[in-house]
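Each chain is listed here by its residues.
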Amino acid sequence: QWIYVNGQFVNKNEAVISVYDHGFLYGDGVFEGIRVYSGNVFQLKEHLDRLYASAHSIRLTIPYSKEELTQIIVNTVRKNELSSAYIRVVISRGEGDLGLDPRNCSNPSVIVIAEALSIYSQDLYENGLKLVSVATRRNRPDVLSPQIKSLNYLNNILVKLESTQSGADEALMLNDQGYVTEGSADNIFIVKNGVIITPPVYLGALEGITRNVIIDVARNLNYQIEERPFTTHDVYIADEVFLTGTAAEVIPVIEVDGRPIQNGKPGEITKHLLHTFRDLVTTAGIQ
Ligand code: PLP
């Protein structure tokens, strides 16, 4: 496996960064997770736009243009001879000293990893996930915007630890007012009386690229779709619940906090959206 590290392709075993890299010392950096379907990098423009926006927000200058980074990503996929893959792009502040000051980091580190997929098992797509709501809250947008996809994922990790501890497959994260925001690394949707509902991102959710694709897919299928706040109660009494994300795609949820969602089986609209999404990504010509 070839990894792109600061201008070179190196073997996985030789891919290294400095222990003084502020990405490692302080989580100072940004990242993206991207999918390759049938040799096409899915939604690459959207992922690059989000990556550059995250970097801009933390005053990190990515040392390549979007066109150059596109070429690096495509070359990484080609060099590893992958037609289906998960790509991780990491841009960190780079090597500095032990102090916090980013001015002492002269060159950002740029890392691109492309590997074969390890996604949720087929069983979970067919039978659905169990979620549990967790005590850890999504960070407040006025403190640190959830739109910055930074290397600081500690609250998401705490959320994951909590849900694993409870024996659930995934977590349901709330904001400090108790409104549902998202999963540990996935957006959430509920379906009630035929209407598909997802929380507005201002409540404290990442504006997921899969989320936006699913909103488009649902509109094209003539479903009614709304972005509005909801609580765990609304989730418990929903007709259907599902998560979306680059790695997860669309995955049904069948139980939340010990309450089965309806009959405890994946819903029909969820299945319709998943199949339509799968058809879309396997169709040629999507970048
Ligand atoms: N929410 C968080 C916190 C995430 O890290 C991710 C993954 O990127 C998502 C949601 C889903 O977003 P996307 O569909 O762009 O992968």
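Residues numbered from 1 in each chain as written. Predicted model: local features only at pLDDT ≥ 70, side-chain atom pairs only at ≥ 80, totals over all residues.

## Considerations on the sheet that holds strand β6 (residues 109–115)
Taken in spatial order, the six strands line up as β2-β1-β6-β5-β3-β4 in an open sheet, and their pairing is antiparallel. Edge positions in the open sheet fall to β2 (8–11) and β4 (40–41), since each of these has one partner strand only. Two elements, strand β3 (residues 29–37) and strand β5 (residues 85–92), share eight bridges in a ladder whose sense is antiparallel. Following the sheet pairing, I34 is matched in β5 by I87. This element, helix α2 (residues 44–57), spans β3, β4 and β5 of the sheet and lies at about 175° to β3. In the packing of helix α3 (residues 66–79) onto the sheet, the strands contacted are β1 (2–5), β2, β3, β4, β5 and β6, and the crossing angle to β6 comes to about 40°. (Pairing = 2+ DSSP bridges. Helix = DSSP H or I, 4+ residues; strand = E, 2+ residues; numbered from the N terminus. Contact = placed C-beta atoms within 7 Å. Axes fitted to C-alpha atoms, helices over the stretch in contact; angles between N-to-C directions.)

## Some remarks on the site of the ligand
Taken together, 14 residues lie around the ligand, and L206, G208, I209, T210 and T246 are the ones closest in. If you list the elements that add at least two residues to the shell around the ligand, you get α6 (209–220) and β13 (240–245). Looking at the shell around the ligand element by element, the count peaks at three residues for α6. Tallied by class, the residues present in the shell around the ligand amount to three nonpolar, eight polar and three charged. (Near = placed C-beta within 6 Å. Nonpolar A, V, L, I, M, F, W, Y, C, P; charged D, E, K, R; others polar.)

## Quick notes on the nonpolar core
L131, A171, L172, V241 and V253 are the most contacted members of the largest nonpolar core, which totals 35 residues. When residues of this core are traced back to their parent elements, those giving at least two are β7 (129–137), β8 (170–174), β10 (187–192), α6, β13, β14 (249–256) and α8 (268–282). With residues up to four places along the chain from it excluded, the contact list for L131 reads A168, E170, A171, L172, V253 and V256. Core analysis: the next-biggest nonpolar cluster, separate from the first, contains 24 residues, V36, L60, A85 and I111 among them. (Core = buried A, V, L, I, M, F, W, Y, C linked by C-beta atoms within 7 Å. Buried ≥ 20, exposed ≤ 12 C-beta atoms within 10 Å, placed from the backbone.)

## Here's the deal with the domain arrangement of the protein
Put simply, an interface is often sized by how much accessible area is lost when its parts join up. Domain parsing of the protein yields domain 1 (2–115) and domain 2 (122–282). Between the C-alpha centres of domain 1 and domain 2 there is a distance of 27 Å. Counting residues per element, the ones that place at least two in the side of domain 1 that touches domain 2 are β3, α2 and β5. At eight residues, the largest contribution of residues to the side of domain 1 that touches domain 2 is made by β3. (Domains from an automatic or database assignment.)

## Points about α2
Along its 14 residues, α2 runs 20 Å from first to last C-alpha, staying within 8% of the 20 Å computed at 1.5 Å per residue. Among all positions in α2, only L44, H47, L48, R50, L51 and S54 are buried. All buried residues of α2 lie within an arc of 160° about the axis, which places them on one face of the element. As for α2, its buried residues are in contact with β3, β4, α3, β5 and α6. Following α2 by one or two positions, R59 adopts a phi angle in the positive range, close to 55°. (Expected span 1.5 Å × (residues − 1). Arc of directions from axis to C-beta.)

## As for the pairing of β8
Burial within β8 is extensive, with five of its five residues counted as buried. Here β7 pairs with β8 via four bridges, running parallel. Directly across from S133, in β8, lies its bridge partner L172. Handedness of the crossover joining β7 and β8 through helix α5 (residues 154–165) is recorded here as right-handed. Both β8 and strand β9 (residues 180–182) contribute to a ladder of two bridges, which runs antiparallel. Bridge pairing in β9 places M173 opposite E182. Hairpin connection of β8 to β9: five residues between the antiparallel strands, including G178 at a positive phi of 90°. (Right-handed = clockwise from strand over helix to strand, strands pointing away.)

## A few points about the packing of α2 against α3
At a closest axis distance of 11 Å, the pairing of α2 and α3 adopts a crossing angle of 120°. Compared by their axis directions, α2 and α3 come out oblique. Considering how the two elements wind past one another, α2 and α3 form a crossing that is right-handed. On α3, the residues that touch L44, L48 and Y52 of α2 are K66, L69 and T70. Of the residues contributing to the contact of α2 with α3, the split by class is four nonpolar, one polar and one charged. (Parallel < 35°, antiparallel > 145°, perpendicular 65-115°, else oblique. Left-handed = near helix turned anticlockwise from the far one by under 90°.)

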